[in-house]
Structures are given as C-alpha cells and as structure tokens.
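Okay, here's what each chain looks like letter by letter:
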Amino acid sequence: MKKISAVLFAALTLGLSAPAFAKVNVVSTLQDFASIAESIGGNRVDAFALAKGYQDPHFVDAKPSFIVRLSRADLLVVAGLELEIGYLPPLIDQSRNDKIHAGNAGYLDASVGCDILQRPTTQVTRAMGDVHPYGNPHYWTDPENGRIIARAIARKLSELDPAGKAVYEKNLAAFETKLTEKEKEWDGKMAPYAGTKVVTFHDSWPNFAKHFKLVVAGHVEPKPGIPPSPSHTLEIINLIQAQKIPVIIVEPYFDSKTPKSIAEKTGAAMLTFYPSVGGVPEIKDYFSLFDKDIDTFVAAMKAKK
Amino acid sequence: MKRRFGSIACAALAAGIAFSSTSAAQQTPSPTPTPEPAAAEPSPTPAPAAAEPPPAPPPASPSGSSQASNYFNPSVSVIGNFLGVAGKNSVENLPNLSLRESELGLQAIVDPYARADFFLSFNGSNVDVEEGYLTFTSLPAKFLAKVGRMRVQFGKINTLHLHVLPWPDEPLPIVNLLGGEEGWIGDGVSVSHLLPMPADLFSELTLQVFRGESEGLFHAPHRSDLAYNAHYRAYGDISESSNLELGFSYGYGPNAESTQDLTRHTRLEAIDATFRWKPLQQGLYRSASLRGELYRSRRDQLDGRQTARGWFVSGEYQLAKRWYAGARVESSDRADDGSKRDTGQAVLLTFWPSEFSQLRGELRRRRYAGGINATEALLQLQFAIGAHGAHPF
C-alpha cells in the first residue's frame, strides 16, 4: 500500500510539472460562456463547455469525464441561479480542485451583475413546476447581459493571469465594440416588430423578449418542466387565435410534436430558436447566436405579411 | 516511471480492485450565490448608456434579517419510499403496504476544506444513520477523503441509496452476498485518487478501511478486526451520446462468531459494468442503460469455505419524457451455503409525474433454493421534498 502511494505521488509530481506556456484552462457549463472566454482570452486560454448548445442546460449528465476536465480547470464559469444544480455540485466536489469551489478565485458565477428577471417576490413552491427561486436562469439571451458576462470573464482572466491583462482588455474592448455595432443591427431588424406577442415552449426567453421588445403571452408547457397537457394545449390554441399571435418559439431539444400541431391548427409559425452557441454548427459564437435567431424571426414575420 | 505506474495500475486492476462513485444521493451544497460587487467596472469602450441594465437587486430568497441566523443551515431533503406488494412469497415476506423508508438528508459545506452529508433512514420504529460522513474536498495531489459512515464502494449498486435504484427492490446478489437488503455499509475512512490518464478517460482508485462490523456480512469481536475494500473505476465516453463505466472491487473482512473464535474471513470480489446511451439533443425523451454486476464471495466458516457467486443484468429504456420500461435477470448463491441458489426475473414500468415524484411497478418472479417459487407485484411511490438533489449518474 505504501509502495503504491509512493509511486502514485511520484507519478503525480511528474504530471504536475506543467509547461511554462500553459494556457488558462477555462471550463464553463454553457457554450456561450466558453465562446465569450475564447473571444476575450484568444490564444491565452483553452475553453471547454460541459453542456452542448443543442442540449437542455437543466438536464446534463454528471459524467465522470467532466470530473477529469474540472480537475484540470483554472477557471469554472457557471450560469448560477441553480441552473446547474442537478449535475454540477457533485462534479465540483469530486474534481479535487480547490480553485473552482464557490467562493474561490477560479469560480465565476456569470449571473452576478446581470439583469436577472422573474426573481420571485413571494413564496415559491414546486406546485409551480420547476421554478428557479433565484430568478430566471436563461439570462444570457439578452446581449447586454453578454456584455456584463464578457467584462466579468475579462476581469477574472486578468486576475488569474496578470501577464495577459493587456491582451484581455484589448480583446474585451474589441468584443464590446462589435457587440455595440451588432446590437444596433439587431435592434434595427427587430424594431418593426416591437410589441409582437409570442408563445414559447418553455419560459426561457424573458430576457430576449425584454431586450427586443417582444411580449411572451404564454407557454406550451403548462408549468416549467411539465410536458404539454391536452387541456393546456387547447388554452394555448385559443390564446393564439384570440390574440392573433404569429409565432411559437421552441428550443431544439424539446419535442416539436405539440407546438407543430398547435401551429397547424392556428396558422402561427413554429420557429426553432437556439438558446446557446453551438446549437447548430453555424452558431459558432455569441454574435452568430443572435444573428441566427433574429433572422429566423424576421423571416417568419415577413412571410406572414 | 510512467511505465511503472502503469503496471501498478494494471496490477491493481487485475487484482480486482474496485470503483468509486459519483455517489448516489449526493445532493446540493448550500447554493447561496456569493454576492460580488455588481459589474460597475468602467468598460474600455463606452457602452451605450441606455443599454446598461440596472444593478441587480439582492437575491430574493434566503436573505432578510429574520432569516439571517438560518443562513448556514444545511440543505434539508426528505424522501419517502412507499411500497405495496401483492402475491405470495414465503422466503422474503415484505409487508403488503409499508412506508418502507423515509430518508432525511442534511447536507452542507463545513468549512473551506470539507463538506458533510448525513442521511438518516427511518423505517418502522428503526432509525439508522445510513450515511454520515465528512468529505475533504481540498486535499492536495488529487486526493479525496471521506471519514464517517458510508455505503462501501463495492460494485456500483451497493453505493446507491435505495431510492435511486432502477428497481423498488435490491437484486439477489446484494441480498445474498452483501448481508441483506441494506448492503455493505461501513464506519471508517475512504481515500480515493484520480489517476492521470490520456484524454478525458476517468480512472479512480479508492481504498477504504472500516470497522469489521456490517450487519449480516462481517462480524468483528476483536478490536483488531478490520474490513477493507479496494475499488477501481474507469469511465470513458464512447461518443457524445454513449459511454461505458467499469468497476472492479475487492473486499475483505472478518466473520468470527465470538471473541473465543479464531477470526475467520470473507473475501468478496465484484465486477460492474454500465453502458449508457442518451443522444444529447433528444435526451429529454430518449435514453437507455444496460448494467450488470458479477460477484463472488468466499466465506470461511466452521464447516469450511463456502464459495458463492451471484450476478444480475438489468436494462432500462426511456419511452417518453416521463416513462421508462425496464427488465432485470438475477441469480445468486447464498453466502453461507454456496450450494443453494436463488434466481429471479423482473419487468418494470416507471412513471415520473415530475422530477420530484415517481411511480413504479414491478412484476417479479423469484425461484428460491429448494424449489420455492414466488410471483409478486410491487408498486412503489417515491416522493422528495426539500433541497434539489443532484441526479444520480
């Protein structure tokens, strides 16, 4: 036993002697954060996301291979607001990596400082379905929150890798300039549709709706996390017909059967909206995420006219 | 050095060492987000002022002066496990209706170095500390240590709490070879180490030492009687949607009947394998898993050594978001009499109304040694309140 542990120790010390040019190893739960970290960090960082952009970010398997990734991480970026509560805590505990525990230098909760909507002001219970007591965790779908996340990541990277501070600041400035430009373009495209009512499958678009001035009138799910029921589906059909709602927004990982049948019955268009980078290969960064969703929306609205 | 290390790892493997766990019921550490000063930092390029969101309001939930003293309370969860049984069984006589187990979980971070998890199991008039341990999460050199009472990392199923099993009952090899339905639980120390491997291959070695006492399995009249367990666990992603996990376990413990006895021992070995398939994009609606374990027990008794073998194979397929179908085949000799063999088959259907409740039916046939047959229907209702636990994997 002693001999084994001595050998283990030796093997470890060997493994620990990292190369001098080591990159900052960033692990994030969402591809959006990994993508922003790549924009800010350039070739000084290696970024990896646990959840893929086409996967429901609430239900990610706690695969042991993630423990290996986390054990090597210098920085962990999480969405927070209990979005990752179903898989991340045991992974962090088993990572044997003190740096990335909450409260330590290598842990970044991206929600801090962001505009978080739907923070409950009254008691919440699970009778309301899968509610998040700290507020709606799909906040990165507002590009202004993306700006805040980018700043937080830049600040954190500078803290962990002071030698790269100038690079991170320069890249952040470029990111923000581009974001400001793109926001003008997106806002311009969406302006004609301000006030448009939409139905979404899950309650994951309040931040997007707020920024682009859409009104979320209802959800295909009767309650968050509860699959569509016949009676609720009928209510939604009536709602869409009564209020002439033009589109139903559905994430790629939900079953499109019910929203499709609602669309057929009401004439509303069912749109696949990607909530994250990597949802399809063409959404390769945070900017193309909005390009894709907004183009989808605008094309559907133009087709309606 | 690398080669030597590799050969030791191999030797450990070959010796039938076993596996450690993404522990079954590990639940959430206290989830209070650490408030940081909001992003008031000046930006290099001035952002359009109008677009700047207002500063975030303070977290809604657990603040407020009246609750401040509760701030560091552990997260609490209670899981009820209600079981109804119909049919005849003269060997394992489960009650027709019973709240089989109520499990109270209390979990929190202790200090910057450790977290603590308690699982108290109430069942009828018995209260047991099913598990109660401290986990040192900040040890150097990729070590993780647990001290306290814990489910022993012997095989995969033995590490899981009853309520996260894919069946309402324990499979025969656990019942026959690990001392009964409770399985092997030990008071002691566990140290595990992440072995460096290429790519994202997960490889973990766990060594555990326990007091040599475990109901129905080990008995330790002398203070020097200890039980040991070694576990090696390897996990690899085959593709994005499928993965394979393998475990090898070796356990050793005393089973003397009294202090007068020369201490006799039981040696236990297990191999476990789990294959999972879950396409990421359709993962809410479709998934499948196939698992199996193979056990051997060699128990020294007054009448000589008894060698007993047991195994089960079980599969589960997700039919829809909330529906799962499953099947299990099992067989096990009895630890104290290797010539007696029990076998069984079961089919299952599970419905999850939400993430927090579960209704499961099992049709089970067991054929016990001596030609005793039992066909039963089990109906289980489980429900959880309190802190949101991590999903077992």
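Bear in mind that the values here come from a model prediction, so they are computed numbers and not experimental data.

Chemist: Help me understand the overall build of chain A, please; the structure alone is not making it clear to me.
Modeler: Counting its secondary structure elements, chain A contains 10 helices and 8 strands. What you see for chain A is a C-alpha radius of gyration of 21 Å, in line with the 19 Å of a compact globule of 305 residues. C-alpha extents for chain A along the principal axes are approximately 75 × 45 × 35 Å. Counting over 305 residues, chain A shows a buried share of 52%. A fraction of 61% describes how many contacts in chain A between residues 6 or more apart in sequence connect residues 24 or more apart.

Chemist: Please clarify how the sheet that holds strand S5 (residues 197-200) of chain A should be interpreted in this entry.
Modeler: Strand pairing within a sheet occurs via backbone hydrogen bonds; the two strands may be parallel or antiparallel. Residue and element names in this part refer to chain A. Taken in spatial order, the 4 strands line up as S6-S5-S7-S8 in an open sheet, and their pairing is parallel. The open sheet is flanked by strand S6 (215-219) and strand S8 (269-272), the only strands paired with a single partner. Strand-to-strand twist in this sheet, taken as the mean axis angle between neighbours without regard to direction, amounts to 35 degrees. Against the sheet, helix H8 (residues 230-243) makes contact with S5 and S6, and its axis sits at roughly 150 degrees relative to S6, the strand it touches most. Along the sheet, helix H10 (residues 286-304) makes contact with strand S7 (247-250) and S8, crossing S8 at roughly 165 degrees.

Chemist: What should I look at first to understand unusual backbone geometry in this one?
Modeler: It is generally the case that most residues other than glycine have a negative phi and that most peptide bonds are trans. The backbone phi angle of Glu82(A) is positive, close to 65 degrees, even though this residue is not glycine. Residue placement: Glu82(A) occurs in the loop between strand S3 (75-78) and helix H4 (88-94).

Chemist: Explain the sheet that holds strand S2 (residues 45-49) of chain A here, please?
Modeler: All names here are of chain A. Pairing is parallel in the open sheet, where 4 strands are placed in the order S2-S1-S3-S4. Two strands close off the open sheet at either side, each with one partner strand: S2 and strand S4 (107-109). Strand-to-strand twist across the sheet, computed as the mean angle between neighbouring axes with direction ignored, equals 20 degrees. Sheet analysis places S3 next to S4, joined by 3 bridges and oriented parallel.

Chemist: Help me out: how do you make sense of the pairing of strand S4 (residues 126-136) of chain B in this one?
Modeler: Working note: regular strand, side chains alternate between the two faces of the sheet. Residues and elements named next belong to chain B. Where strand S3 (residues 114-123) meets S4, 10 bridges bridge the pair, whose relative direction is antiparallel. Counterpart to Asn 123 in the pairing with S4 is Asn 126. In sequence, S3 turns back onto S4 through a hairpin of 2 residues, with Gly 124 there showing a positive phi of about 60 degrees. Sheet analysis places S4 next to strand S5 (residues 143-151), joined by 5 bridges and oriented antiparallel. When the sheet's bridge partners are listed, Gly 132 is paired in S5 with Arg 149.

Chemist: Got a minute to help me understand the environment of Ile372(B) in this structure?
Modeler: Residue and element names in this part refer to chain B. Looking at the secondary structure, you find Ile 372 in strand S16 (residues 372-386). Using a count of 13 C-beta atoms within 10 Å as the deciding quantity, one classes Ile 372 as partly exposed. Not counting residues up to four positions away in its chain, the partners in contact with Ile 372 are Ser 90 and Val 91.

Chemist: Sorry, what's going on with the domain arrangement of chain A here?
Modeler: Accessible area lost upon the coming together of the parts serves often as the stated size of an interface. Residues and elements named next belong to chain A. As far as domains go, chain A holds domain 1 (14-183) and domain 2 (185-304). Placing the centre of domain 1 and that of domain 2 at their C-alpha centroids yields a distance of 26 Å. Counting residues at the interface gives 31 residues for domain 1 and 28 residues for domain 2. Mapped onto the side of domain 1 that touches domain 2, the elements with two or more residues apiece are helix H2 (31-41), helix H5 (143-160) and helix H6 (165-190). It is H2 that provides the largest number of residues to the side of domain 1 that touches domain 2, a total of 5 residues.

Chemist: Is there a simple way to think about the confidence of the model for chain B in this case?
Modeler: When pLDDT is low, close inspection of the predicted coordinates is not appropriate. All names here are of chain B. Per-residue confidence for chain B gives a mean pLDDT of 85; residues scoring 70 or more make up 82%. Within chain B, no element has a lower average pLDDT than helix H1 (residues 2-14), which sits at 42, and none a higher one than strand S13 (residues 323-334), at 98. A low-confidence stretch, residues 1-64 stays under pLDDT 50, and its non-local contacts, those more than four residues away or across chains, total 152 contacts. The ipTM for the predicted assembly is 0.87, set against a pTM of 0.85.

Chemist: It is not clear to me how the environment of Phe356(B) should be interpreted in this structure. Could you clarify?
Modeler: Within the secondary structure, Phe356(B) sits in the loop between strand S14 (337-354) and strand S15 (357-368). Residue Phe356(B) is classed as partly exposed on the basis of its 18 C-beta neighbours within 10 Å. Sequence separation of Phe356(B) and Gln382(B) is 26 residues, and the distance between their C-alpha atoms is 8.2 Å. Here Phe356(B) is in contact with Arg126(A), Phe383(B) and Ala384(B), once residues within four sequence places are set aside.

Chemist: In this structure, what is going on with the nonpolar core? I would like to understand it.
Modeler: Generally speaking, nonpolar side chains in soluble globular proteins are found buried as a group. Ranked by internal contacts, the top residues of the largest apolar core, which has 99 residues, are Val26(A), Ala37(A), Ile40(A), Val77(A), Ile149(A), Ile153(A) and Ile248(A). Once residues within four sequence positions are removed from consideration, Ile248(A) is found in contact with Val199(A), Val220(A), Pro259(A), Ile262(A), Ala263(A), Ala268(A), Met270(A) and Leu271(A). Residues Phe154(B), Leu217(B), Ala227(B) and Phe312(B) belong to the second largest nonpolar core, which totals 22 residues.

Chemist: I'm lost on the packing of H5(A) against H6(A) in this one. Help?
Modeler: Two quantities define a packed helix pair, namely the angle between the axes and the distance from one axis to the other. Residue and element names in this part refer to chain A. Axis separation between H5 and H6 bottoms out at 9 Å; the angle between their running directions is 175 degrees. Judged by the angle between their axes, H5 and H6 are roughly antiparallel. Between H5 and H6, the contacting residues are Pro 143, Gly 146, Arg 147, Ala 150, Arg 151, Ala 154, Leu 157 and Ser 158 on the first element and Lys 165, Tyr 168, Glu 169, Leu 172, Phe 175, Glu 176, Leu 179 and Glu 183 on the second. Of the residues belonging to the contact of H5 with H6, the class tally is 8 nonpolar, 2 polar and 6 charged.

Reading the values: rules and limits
Residues numbered from 1 in each chain as written. Chains lettered and ligands numbered in written order. Predicted model: local features only at pLDDT ≥ 70, side-chain atom pairs only at ≥ 80, totals over all residues. Helix = DSSP H or I, 4+ residues; strand = E, 2+ residues; numbered from the N terminus. Rg over C-alpha atoms; globule rule 2.2 N^0.38 Å. Buried ≥ 20, exposed ≤ 12 C-beta atoms within 10 Å, placed from the backbone. Contact = placed C-beta atoms within 7 Å. Pairing = 2+ DSSP bridges. Axes fitted to C-alpha atoms, helices over the stretch in contact; angles between N-to-C directions. Domains from an automatic or database assignment. pLDDT = per-residue confidence, 0-100. Core = buried A, V, L, I, M, F, W, Y, C linked by C-beta atoms within 7 Å. Parallel < 35°, antiparallel > 145°, perpendicular 65-115°, else oblique. Nonpolar A, V, L, I, M, F, W, Y, C, P; charged D, E, K, R; others polar.

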